[in-house]
Amino acid sequence: MTSLTVTNLCKSFGALKVTDDVSLSVEPGELHAIIGPNGAGKTTLISQLSGQLHCDSGSVAIGDRDISRLTMPERVKLGLARSFQITSVLPGFTALENVALAVQAREGSSFRFFGKVADEARLNEAAMTALSEAGLDRRAHVLARSLSHGEHRRLELAIALATQPKILLLDEPLAGVGGGDAEGFVANLQKLKGRFTIVLIEHDMDAVFALADRVSVLVYGSIIATGTPEAVRNDPEVRAAYLGEEEELV
Amino acid sequence: MTYMTASATHPDRPVLSGRVKAALVLFILFALMPPLASALNDPFYVLIGTRILAYAIAAMALDLILGYGAMVSFGHAAYLGFGAYAVAILQSYGVNDLILQILFAVAISAIFAVVTGAISLRTRGVYFIMITLAFGQMAFFFFISFSAYGGDDGVALAQRSTVLGMDLLGTDYGLYYVSLALLIALFALCHRIVGSRFGRVLTGIRENPTRIEAIGFSPFRYQLIAFVISGCITAIAGVVLANQAQFVSPAFMSWHKSGELIVMVVLGGVGNLAGPIAGAVAALLLEEWLDALSEHWKLYFGIFLVLMVLFSPHGITGLLKKMGIVRGQQ
Ligand SMILES: Nc1ncnc2c1ncn2[C@@H]1O[C@H](COP(=O)(O)OP(=O)(O)O)[C@@H](O)[C@H]1O
Ligand SMILES: [Mg+2]
């Protein structure tokens, strides 16, 4: 477990400031939720943390190490894993193969040209563990393209877990997951809490207030409030920003 | 966790067995062809058959990057040329051994593939096609001006290669069966590669490069290695081709040939290794029989297929699947 520190991060798309001087420090083992209306720049922030996008200025650090200039694969090797809001898996692979490849990425060489990878017990067992943690073990042998939406969300989580991260960046893992399914998923996330440093972007406020140690509110690219769920819930600025849009928050 | 065994078989995907079965059927047909041809009193087919085997090797090698790596190389005929010229060049120095010629061909091809692949892989899609085409043409024009070996007229070979001093390729039948043995061995090699750790990364890059980076792989090096392996195997096809024709010329490496290789792969079905072998058979038999039509008809057909691969990879594969030509994976 490691801390994640974001300092004065900025990013613009043309004239649009999508990340506006964001600073954030996530403690080791903390589950830090980021909430905010659609288009606030949450996904763009995650993409800069994971290295998929490069920031215009500012820095990102894991522990003491500045990772701002590293590529996405390099950051993964240091223990930073992300899941995608819009499912991004290998559709022609089974769920197990998707996850086993993430295990393979993390341990050992991938420059092996002859052994049959499908028979590698070590990869498959580690992959099954990650699938169980995400609650998808029963569907291990189904092609990813044949999985349901809810199962895709779980596969996203399982793949991220399989890279053996220290820090998990979860971009709306519950997006589009309905009712009872969401409850089960929150229970899965609850079990992960404390084992990893987690940045959780989520729209489901019940989930956020059930899971988060602290919450940051992102509006128009800036963080307008950070604190315990209770404090954020009662913050007048947050109430103003959300008023009319998501009244169930207040 | 308990209900699965560690060796994971995939219930809804009889992947490997299908590919291997299709290949075995093809190999058996190939093995039976010469006795049939001589029974029909048409031994000429044995030489045509050898040509088909050479192109089958090349098409399979191209499938390794096109089908599994989503890299559409439009310059692969260059490697056929390197293989063929490796035979001519070594022969002019009195080296006739097939194995040495193959090693030489593979060495040249590896160097060319590393350099041109590293540059080409900085581009994507149409640009990748264009730049591999450009490199292929560079090699083509190099051999056009290579006057020591006949320039654009090419050069006839005094004899066929020997294997460890044995004249195995002396008869057309010997050449045919050695070529078939090479095809089978190289299929086995490609099959192993595709099913390996490396193969899984390569296939993953084709499926979704962003995801592959997000789990910690840098696609470039895997793609480059696959590109080099593919080029080297194609060069072996060139060595066979030189022995079959007993003649070597830059025509082996013209861009038409690169296009034909793509046609064979796409015709047979991308991404299953056995399909392109069948594609080579189909394309070359078509060429034998429809020679009059071929030149223009093929060019436009080729462009059409390239566009299909680019813009609708599942479209053409799906089409072939519906027609029952390709088995149902990927
Ligand atoms: N690649 C891009 N180019 C231009 N604008 C973008 C790009 N990605 C996102 N945006 C814009 O940036 C804003 C923030 O997007 P995003 O980070 O996806 O928000 P959120 O995840 O909070 O809903 C939106 O207005 C979106 O249209
Ligand atoms: Mg988003």
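Basis of the calculations
Residues numbered from 1 in each chain as written. Chains lettered and ligands numbered in written order. Predicted model: local features only at pLDDT ≥ 70, side-chain atom pairs only at ≥ 80, totals over all residues. Heavy atoms only, no water. Helix = DSSP H or I, 4+ residues; strand = E, 2+ residues; numbered from the N terminus. Buried < 20%, exposed > 50% of the residue type's maximum accessible area, 1.4 Å probe, protein only. Contact = heavy atoms within 4.5 Å. Areas by Shrake-Rupley, 256 points an atom, 1.4 Å probe, with all protein chains shown as cover. Buried area = accessible area lost by both parts, 1.4 Å probe. Salt bridge = Lys/Arg side-chain N within 4 Å of Asp/Glu carboxyl O. Nonpolar A, V, L, I, M, F, W, Y, C, P; charged D, E, K, R; others polar. Donors = N, O, S within 2.8 Å, 3.2 Å for Na, K, Ca; no water. Domains from an automatic or database assignment. Pairing = 2+ DSSP bridges. Axes fitted to C-alpha atoms, helices over the stretch in contact; angles between N-to-C directions. Phe/Tyr/Trp six-rings, centres within 6.5 Å; stacked < 30°, edge-to-face > 60°. 1 Å grid on protein atoms, 1.4 Å probe; cavity = no way out; pocket = protein on both sides within 12 Å on 5 of 7 lines; lining within 4 Å. Points joined across faces, edges and corners; volume = space filled by probe spheres on them.

## So, the overall build of chain B
Helices and strands together make up the secondary structure of chain B, namely 13 helices and 2 strands. Burial analysis of chain B (330 residues in total) assigns 57% to the buried set. For chain B, restricting intrachain contacts to residue pairs at least 6 apart in sequence, the fraction spanning at least 24 positions comes to 79%. Accessible surface for chain B amounts to roughly 13500 Å². Of this, 71% is attributable to carbon and sulfur atoms.

## Re the interface of chain A and chain B
Opposite the 54 residues of chain A that make contact, chain B presents 40 residues. Buried area between chain A and chain B, both sides added, is near 4100 Å², and the carbon and sulfur share of it is 61%. Summed over the three residues of chain A that lose the most area to chain B, namely Phe111, Phe113 and His141 of chain A, the buried surface amounts to 16% of that side. At the surface where chain A touches chain B, the tally comes to 3 salt bridges. Ionic pairing is found between Arg197 of chain B and Glu120 of chain A, a salt bridge with its closest N-O pair at 2.7 Å. Those elements giving two or more residues to the side of chain A that touches chain B turn out to be helix H2 (72–77), helix H3 (95–106), helix H4 (121–133) and helix H5 (149–162) of chain A. Residue contributions to the side of chain A that touches chain B peak at 8 residues, all from H4 of chain A. Counted by class, the side of chain A that touches chain B contains 25 nonpolar, 14 polar and 15 charged residues.

## Looking at unusual backbone geometry
Of note in this structure, Tyr220 of chain A is not a glycine but carries a positive phi near 45°. Relative to the helices and strands, Tyr220 of chain A is located in the loop between strand S9 (214–219) and strand S10 (222–227). The exposure class assigned to Tyr220 of chain A is exposed, which follows from its relative accessible area of 71%. Unusually for a residue other than glycine, Leu273 of chain B sits at a positive phi of about 65°. With respect to the helices, strands and loops of the structure, Leu273 of chain B is situated in the loop between helix H10 (255–268) and helix H11 (274–289).

## Overview of the coordination of the magnesium ion (ligand 2)
Ligation of the magnesium ion (ligand 2) by protein atoms is provided by Thr43 of chain A (OG1) and Gln85 of chain A (OE1), these donors lying 2.0 to 2.1 Å from the ion. In this pair, Thr43 of chain A sits in helix H1 (residues 42–50) while Gln85 of chain A sits in the loop between strand S6 (80–83) and H3, placing the two residues 42 residues apart along the sequence.

## Things to note about the domain arrangement of chain A
All names here are of chain A. Split into domains, chain A comes out as domain 1 (1–79 + 165–250) and domain 2 (92–164). Taking only C-alpha atoms into account, the centre of domain 1 sits 25 Å from that of domain 2. Here domain 1 packs against domain 2, burying approximately 1300 Å² in sum over the two surfaces, 54% of which is carbon and sulfur. The largest contributions to the domain 1 side of the interface with domain 2 come from Pro165, Phe185 and Asn188, which together make up 37% of the buried area. Our enumeration of links across domain 1 and domain 2 arrives at 2 salt bridges.

## Thoughts on the sheet that holds strand S1 (residues 4–13) of chain A
Residue and element names in this part refer to chain A. Strand order in the open sheet formed by 4 strands is S2-S1-S4-S5, and the pairing between neighbours is antiparallel. Only two strands of the sheet have a single partner each, and these edge strands are strand S2 (16–26) and strand S5 (65–66). In the sheet, S1 pairs with S2 via 7 bridges, with the strands oriented antiparallel. Bridge assignment links Lys11 to a residue of S2, and that residue is Thr19. Across the sheet, H1 lies against S1, S2 and strand S4 (57–62), angled at about 120° from S1, the strand it touches most.

## What about the packing of aromatic side chains?
Residues and elements named next belong to chain B. Per the counting criterion, the structure on display carries 18 aromatic pairs over all chains. Both rings, one in Tyr79 and one in Phe112, keep their centres 5.8 Å apart while their planes meet at 70°; by these two values the pair is edge-to-face. Of this pair, Tyr79 sits in helix H3 (residues 77–92) while Phe112 sits in helix H4 (residues 98–120), and the two are 33 residues apart along the sequence. A relative accessible area of 16% places Phe112 in the buried class. Their ring planes at 75° and their centres at 4.9 Å tell us that Phe82 and Phe112 sit as a pair that is edge-to-face.

## Observations regarding the pattern of salt bridges
Under the criterion given, the structure shown has 17 salt bridges over all chains. The shortest N-O distance in the salt bridge between Asp171 of chain A and Arg82 of chain A comes to 3.8 Å. With Asp171 of chain A in strand S7 (residues 167–171) and Arg82 of chain A in strand S6, this pair connects stretches of sequence that are 89 residues apart. We classify Asp171 of chain A as buried; its relative accessible area is 0%. For Arg82 of chain A, a relative accessible area of 3% translates into the label buried. Here Asp119 of chain A ties to Lys116 of chain A by a salt bridge, and the two come within 3.9 Å at their closest N and O atoms. Salt bridges sharing common partners tie together Arg112 and Glu120 of chain A together with Arg197 of chain B.

## Overview of empty space enclosed by the protein
All names here are of chain B. Inspection of the entire model under this criterion finds 3 cavities of 30 Å³ or more. Of the volumes computed, that of the largest cavity is approximately 40 Å³. In terms of residue class, the lining of the largest cavity is built from 4 nonpolar, 6 polar and no charged. Its volume calculated, the second largest cavity comes out at about 40 Å³. Around the second largest cavity sit Leu98, Leu169, Leu175, Val178, Ser179, Leu182, Val239, Val240 and Asn243, which together line it. Secondary-structure elements contributing two or more residues to the lining of the second largest cavity are helix H6 (172–194) and helix H9 (219–245). In terms of residue count, the dominant contributor to the lining of the second largest cavity is H6 (4 residues).

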